[in-house]
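# Descriptive structure summary
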Amino acid sequence: MSAAVRNMSADREIEVRKLLAGVPDPEIPVLSIVDLGIVREVREEADGRMRVAITPTYSGCPATEVIRTLVRAALDAGGYADAIVEEVLSPPWTSDWLTEAGREKLRAFGIAPPAVRVASPRQLMGAPAVSCPRCASRETERVSEFGSTPCKAHYRCSACGEPFDYFKCH
Amino acid sequence: MNATPAMRAAPDTAHEEARCRYVLRLADTSLVLGQRLGEWIGHAPALEEDLALANLSLDLIGQARLFLTYAGELEGRGRDEDALAFLRDAPEFVNLTLAEQPNGHFGHTIVRQWLIDAWQLETYAGLEHSSDTRLAAIAAKALRETRYHYRFSSGWLVRLGDGTAESRQRMQSAVDELWRFTAELFAPDEVDERMARAGIAPSLAELEPHWSARIDEALRAATLTRPATLPYPWHGKRGVHTEHLGRLLAEMQHLQRTYPGARW
């Protein structure tokens, strides 16, 4: 493969990644699917078609099918109608895959990002202290381990009194 | 007698049938338990618990879909997840008998959930290292979800068991009543044995002590007593069910049976 062809392939990968960065998570639209960390692979096949691999957050997350449709539409609109979109399960998604930019976007939106990394041993030591996304106080309490979507739990801030969503450490 | 090629091929067919059956058992246990939990929607004692049970149900049905799709491919008769979920009758379902037991009161549902969560924890942890990479990938995904489920169910077990005299008595009754279905969890049959030998599934004899230790620890924390194990094994995973599964399926399958092929 010549350097020029290699560059072209790299350019196409960057372009597809840009398209995917414009696809919102349907349940938390402030995040793109790239922020969420579910885009596993973007590469050009030998036949010139682009391959996009996506992994689900939760096995039963109803957003998965919507995401597949949105990805398809974004690729079609971007001139990649022949791209292959596939679902991969391994390695499984955890909230550690959330990007730093994604964590900041969540906080700005009023959803507390995961407090510890899943891979961290601290994860085993019960419920971590969660900072209020509005006033940054650590005086918060868990209302429910589950929330409005599979990826969130429900918390309340004891300092400012606001209820808020917490993106589960999972 | 010399083995003919056909005779040598025969064990492989049996092996693939066993693999399909094993995957279908995992699928059906998740599906049936997920459907049971769905019955709580709008009826749980508090909004938070309503959300929790619905979330557990969603995870379980998601896991069931992955397992069912795989089982359908292994079977090779063109049945997809929907055909397997909605168009099989009770004797074709091979879930654990415990999963199909009615919800009862909230504490009763919690005990059923906790027993199966603990079983799934050990099963999926073992399957994560399966020689079947597809199964390993689904199990690795499900394991992370199941840890969260176990935290919820064991948390309530302890809170209600070590609660008031009334809640403690009701939790103990639920444990006593459901315990008879736990013998099946670790009673291997030829499918389990074949899968364990092939490195596809963990051996049930190796899982049992881990499950048992986890169960004992939670029971102690909940101040509840472990009932004596009854020798009679139930046979849900062989397609022999209690009367409750038929009613559950009647509700779950009603729409597809009445309007075959209906789509959203």
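Note on numbering: residues in each chain are counted from 1, in written sequence order. For this description, chains carry letters from A and ligands carry numbers from 1, given in the order in which they are written. In keeping with the model being predicted, local features are shown solely for residues with a pLDDT of at least 70 and side-chain atom pairs are shown and tallied solely at 80 or more, while totals for entire chains, interfaces and linings include all residues.

## Comments concerning the overall build of chain A
Using the following cut-off: Every helix listed is a DSSP run of H or I at least four residues long, and every strand listed is a run of E at least two residues long, numbered separately from the N terminus. Exposure classification rests on a simple neighbour count of other C-beta atoms within 10 Å of a residue's own: a residue reaching 20 or more is buried, one at 12 or fewer is exposed, and one in between is partly exposed. C-beta atoms are placed from the backbone. C-beta atoms are first placed from the backbone for all residues, and any pair lying within 7 Å is then listed as a contact.
Each helix and strand in chain A was counted, giving 4 helices and 7 strands. Its helices and strands taken in sequence order, chain A reads α-α-β-β-α-β-α-β-β-β-β from the N to the C terminus. Across its three principal axes, chain A shows a C-alpha extent of roughly 60 × 30 × 25 Å. Counting over 170 residues, chain A shows a buried share of 36%. Across chain A, every contact between residues at least 6 apart in sequence was considered, and the portion connecting residues at least 24 apart equals 50%.

## Considering the sheet that holds strand β2 (residues 50-54) of chain A
Residue and element names in this part refer to chain A. Spelled out, the test is: For two strands to be treated as a pair, DSSP must find no fewer than two bridges joining them. Angular values range over 0 to 180 degrees, each being the angle between N-to-C directions of two axes fitted as lines to C-alpha atoms, with helices fitted over their stretch in contact.
Read across the open sheet, the 3 strands follow the order β1-β2-β3; overall the sheet is mixed. In this open sheet, the two strands that pair with only one neighbour each are β1 (39-44) and β3 (84-87). Across the sheet, the axes of successive neighbouring strands diverge by a mean angle of 15°, strand direction being ignored. Bridge count between β2 and β3: 4 bridges; the pairing is parallel. Across the sheet, the residue bridging to V52 is V85, located in β3.

## Brief notes about helix α2 (residues 47-75) of chain B
Residues and elements named next belong to chain B. Our working rule: Expected helix span is given by 1.5 Å per residue-to-residue step, counting one fewer step than there are residues.
Between the first and last C-alpha of α2 there are 41 Å, a value that for 29 residues agrees with the 42 Å anticipated at 1.5 Å per step. By the criterion of burial, α2 is predominantly enclosed, with 21 of the 29 residues buried. Backbone geometry just after α2 places G76 at a positive phi near 70°.

## Some remarks on the interface of chain A and chain B
The following threshold applies: Classification convention: Asp, Glu, Lys, Arg as charged; Ala, Val, Leu, Ile, Met, Phe, Trp, Tyr, Cys, Pro as nonpolar; all other residues, Gly among them, as polar.
Each side of the interface is counted separately: chain A has 15 residues, and chain B has 19 residues. Class assignment for the residues of the side of chain A that touches chain B results in 7 nonpolar, 7 polar and 1 charged.

## Side note on the confidence of the model for chain B
Inclusion rule: On a range of 0 to 100, pLDDT expresses the predictor's confidence in each residue.
Of all residues in chain B, 96% attain a pLDDT of 70 or more, and the chain-wide mean is 94. Quick note on the complex model: pTM equals 0.90, ipTM equals 0.81.

## Focus: the environment of I61 of chain B
In this fold, I61 of chain B is placed in helix α2. In this structure I61 of chain B comes out as buried when scored by C-beta crowding, with 20 C-beta atoms within 10 Å. Separated by 137 residues in sequence, I61 of chain B and A198 of chain B place their C-alpha atoms 28 Å apart. Once residues lying within four places of it in the same chain are set aside, the contact partners of I61 of chain B are G60 of chain A together with L31 and G34 of chain B.

## Re the packing of α2 of chain B against helix α5 (residues 133-161) of chain B
Residue and element names in this part refer to chain B. We apply this condition: What sets the label is the angle itself: under 35 degrees gives roughly parallel, over 145 gives roughly antiparallel, 65 to 115 gives roughly perpendicular, and the rest give oblique. By convention, the crossing between two helices is left-handed when the near helix turns anticlockwise from the far helix through less than a right angle, and right-handed when the turn is clockwise.
The geometry of α2 relative to α5 is characterised by a closest axis approach of 11 Å and an angle of 165° between their N-to-C directions. Between α2 and α5, the angle falls in the class roughly antiparallel. Where α2 crosses over α5, the two elements pack in a sense that is left-handed. On α5, the residues touching A52, L56, D59, Q63, L66, F67 and Y70 of α2 are R134, I138, A142, E145, H149 and F152. Of the residues belonging to the contact of α2 with α5, the class tally is 8 nonpolar, 2 polar and 3 charged.

## Considerations on the domain arrangement of chain A
Residue and element names in this part refer to chain A. The following threshold applies: Domain limits in this description derive from either an automatic procedure or a database domain assignment.
The domain architecture assigned to chain A consists of domain 1 (3-93) and domain 2 (99-167). For domain 1 and domain 2, the distance between their C-alpha centres works out to 27 Å. Facing 11 residues of domain 1, the contacting portion of domain 2 comprises 10 residues. Here the side of domain 1 that touches domain 2 is composed, by residue class, of 6 nonpolar, 3 polar and 2 charged.

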